[in-house]
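Residue strings, one per chain:
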Amino acid sequence: MNKEIRWGILSTGHISNKFAEALKILPEAELRAVASRSMGKAEEFADKHHVSKAYASYQELANDPEVDVVYIGTPHAFHLENAVMCMRKGKSVLCEKALTINAAEAREMVRIAREENVFLMEAMIPRHIPLLKRVVQWVKEGRIGEVRMVKATRCARGEFAPGARHLEPELGGGSLLDVGVYVISFASQIFGKPPVEAVGLAHIGEIGSDEQGAAVLKYDKGEIADLSFALRTEAVNEAYIHGTEGYIKIPDLFAVPTKACLFKNKKEMEVLEEPIIGNALYYEAEEVIRCMKKGLKESPFMPMDESIEIMEVMDRIRKPWGLVYPNDVKETE
Ligand SMILES: NC(=O)c1ccc[n+]([C@@H]2O[C@H](COP(=O)([O-])OP(=O)(O)OC[C@H]3O[C@@H](n4cnc5c(N)ncnc54)[C@H](OP(=O)(O)O)[C@@H]3O)[C@@H](O)[C@H]2O)c1
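Residues numbered from 1 in each chain as written. Predicted model: local features only at pLDDT ≥ 70, side-chain atom pairs only at ≥ 80, totals over all residues. Heavy atoms only, no water.

Q: Describe in detail the site of the ligand, supporting the description with residues and values.
A: Taken together, 22 residues lie around the ligand, and Thr12, Ser36, Lys41, Tyr58 and Lys97 are the ones closest in. One of the backbone nitrogen or oxygen atoms of Thr74 is found 3.3 Å away from an oxygen atom of the ligand. At a separation of 2.8 Å, an oxygen atom of the ligand approaches a polar side-chain atom of Arg165. Within the complex, 83% of the 900 Å² of free accessible area of the ligand lies under protein. Judged by the proximity of its atoms to the pocket grid, the ligand belongs to the largest pocket. Broken down by secondary-structure element, the contributors of at least two residues to the shell around the ligand are α1 (14–24) and α7 (175–191). Per-class residue counts for the shell around the ligand are seven nonpolar, nine polar and six charged. (Near = heavy atom within 4 Å. Polar contact = N/O pair within 3.5 Å; in protein donor to acceptor, adjacent residues only side chain to side chain. Areas by Shrake-Rupley, 256 points an atom, 1.4 Å probe, with all protein chains shown as cover. 1 Å grid on protein atoms, 1.4 Å probe; cavity = no way out; pocket = protein on both sides within 12 Å on 5 of 7 lines; lining within 4 Å. Sits in = over half its atoms within 2 Å of the grid points. Helix = DSSP H or I, 4+ residues; strand = E, 2+ residues; numbered from the N terminus. Nonpolar A, V, L, I, M, F, W, Y, C, P; charged D, E, K, R; others polar.)

In structure tokens, the structure reads:
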């Protein structure tokens, strides 16, 4: 492999553009190719981000021998198909969250990554932000005693055009998969284990997907995670980690986390502050490069089996809602 890690971007939507911007400030990254379902969009993206190759099909990108790793920025319903296409051609993959639609798909994606011996990671930005790694260190050092509760909110208030991926069930839309995944992943990271019980309530909107919801997870020692998520609701997106000897507050955890505060006896004792480099996608791209240069097939900060566990929790939460995605149906055929 060359000194530089050669990237391909699969799809040209909102987050793919942000990812292309993030790669520009990583000296070891080269954005070699982009693929879209249409040549016009691929060329427009290539012009905008100075990419040397533009493809009119995802398969051509997967086939390109000069690409080492592919970033997948398609709607959730296509992540498995897109990732498998790339991994079968020997490409490593950074796949947007939620990794897939359901746990069965996640298990399949991970199985193929292992079979092909390629790197695979779910693009879960907060895992790689240095400030949040320091918060996790606070927790491990017992700075707030034993962690008993996590409380986190991740809401967006979008005006979505008809058919937009955010709420469209055909595309794997809905608040649980789109933003709930962040708070469930955060609870998983802090407790370091899957819950023993997981329940949730949701409002299923007119399009047929969950516009907002809440989940409560219980862990083996009685620890609780209290989580909320929404796509049409404005909220303060913050997270708290409550322990027997204090608590940590992280304002803006899921957008641009630049500050965390540690409280004891309700008094602020310590504050961490750190600006974000570029847009926050910089950090996950940097982690992929670090792992690939070391020959790692997964990141210790977002392991593949943990991504599967998170999908399993989401399957359990949404089962009573009667929310079924087309890919769920395929699974039982
Ligand atoms: N990490 C983050 O902060 C963050 C933020 C937003 C979204 N995301 C994740 O990124 C992924 C994409 O989100 P996005 O907001 O970028 O979506 P988007 O703007 O709608 O872009 C999705 C792209 O996927 C491609 N695509 C392939 N099949 C499609 C289909 N049937 N319908 C629509 N698009 C299709 C299209 O690219 P072509 O037309 O070029 O093929 C489209 O531009 C999701 O997994 C989402 O959860 C992550």
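Q: Could you give an account of the layout of surface pockets, with specific residues and numbers?
A: Remark: the empty space left among the atoms is shown by a probe the size of a water molecule rolled over them. When its volume is computed, the largest pocket comes out at roughly 1000 Å³. For the lining of the largest pocket, the secondary-structure elements that each account for two or more residues are α1, α4 (79–87), α7 and α8 (281–294). A class-by-class count of the residues in the lining of the largest pocket yields 21 nonpolar, twelve polar and ten charged. In terms of domain composition, the lining of the largest pocket takes at least three residues from each of domain 1 (5–125) and domain 2 (130–275). Quantified by volume, the second largest pocket comes out at close to 200 Å³. Residue lining of the second largest pocket: Arg127, Lys133, Val136, Gln137, Lys140, Ser188, Gln189, Gly192, Pro300, Phe301 and Glu306, and that is the complete set. Mapped by element, the contributors of at least two residues to the lining of the second largest pocket are α6 (130–140) and α7. At four residues, the largest contribution of residues to the lining of the second largest pocket is made by α6. Here the residues of the lining of the second largest pocket are counted per class, giving three nonpolar, four polar and four charged. (Points joined across faces, edges and corners; volume = space filled by probe spheres on them. Domains from an automatic or database assignment.)

Q: Requested: an account of the pairing of strand β12 (residues 246–251), with residues and values cited.
A: Burial of β12 is one-sided: the residues Gly246, Ile248 and Ile250 facing one way are buried, the residues Tyr247, Lys249 and Pro251 facing the other way are not. As paired elements, strand β11 (residues 238–243) and β12 share six bridges and run antiparallel to each other. What sits directly across from Glu238, in β12, is Pro251. Where β11 folds back on β12, the antiparallel hairpin that results is connected by two residues. (Buried < 20%, exposed > 50% of the residue type's maximum accessible area, 1.4 Å probe, protein only. Pairing = 2+ DSSP bridges.)

Q: Which residues make up the sheet that holds β11, and what values do they have?
A: Pairing within the open sheet is mixed, and its eight strands lie in the order β8-β9-β10-β7-β11-β12-β13-β14. This sheet does not close on itself; its edge strands, each paired only once, are β8 (197–204) and β14 (267–273). Neighbouring strand axes in the sheet, compared pairwise and without regard to direction, differ in orientation by 10° on average. (Axes fitted to C-alpha atoms, helices over the stretch in contact; angles between N-to-C directions.)

Q: Any chance you could break down the packing of α4 against helix α5 (residues 103–116) for me, citing the residues and the numbers?
A: Direction vectors running N to C along α4 and α5 enclose 5°, while the axes themselves pass 10 Å from each other. For the element pair α4 / α5, the angle class is roughly parallel. Residues His79, Leu80, Ala83, Val84 and Met87 of α4 form the contact with α5, whose own contacting residues are Glu105, Glu108, Met109, Ile112, Ala113 and Glu116. Here the contact of α4 with α5 is built from residues that sort into seven nonpolar, one polar and three charged. (Parallel < 35°, antiparallel > 145°, perpendicular 65-115°, else oblique. Contact = heavy atoms within 4.5 Å.)

Q: Describe α7, with residues and values.
A: Between the first and last C-alpha of α7 there are 23 Å, a value that for 17 residues agrees with the 24 Å anticipated at 1.5 Å per step. The largest bend along α7 reaches roughly 45° and is located at Val181. In terms of burial, α7 is largely enclosed, as 16 of its 17 residues are buried. (Expected span 1.5 Å × (residues − 1). Bend = angle between axes of the 7 residues up to and from the residue.)

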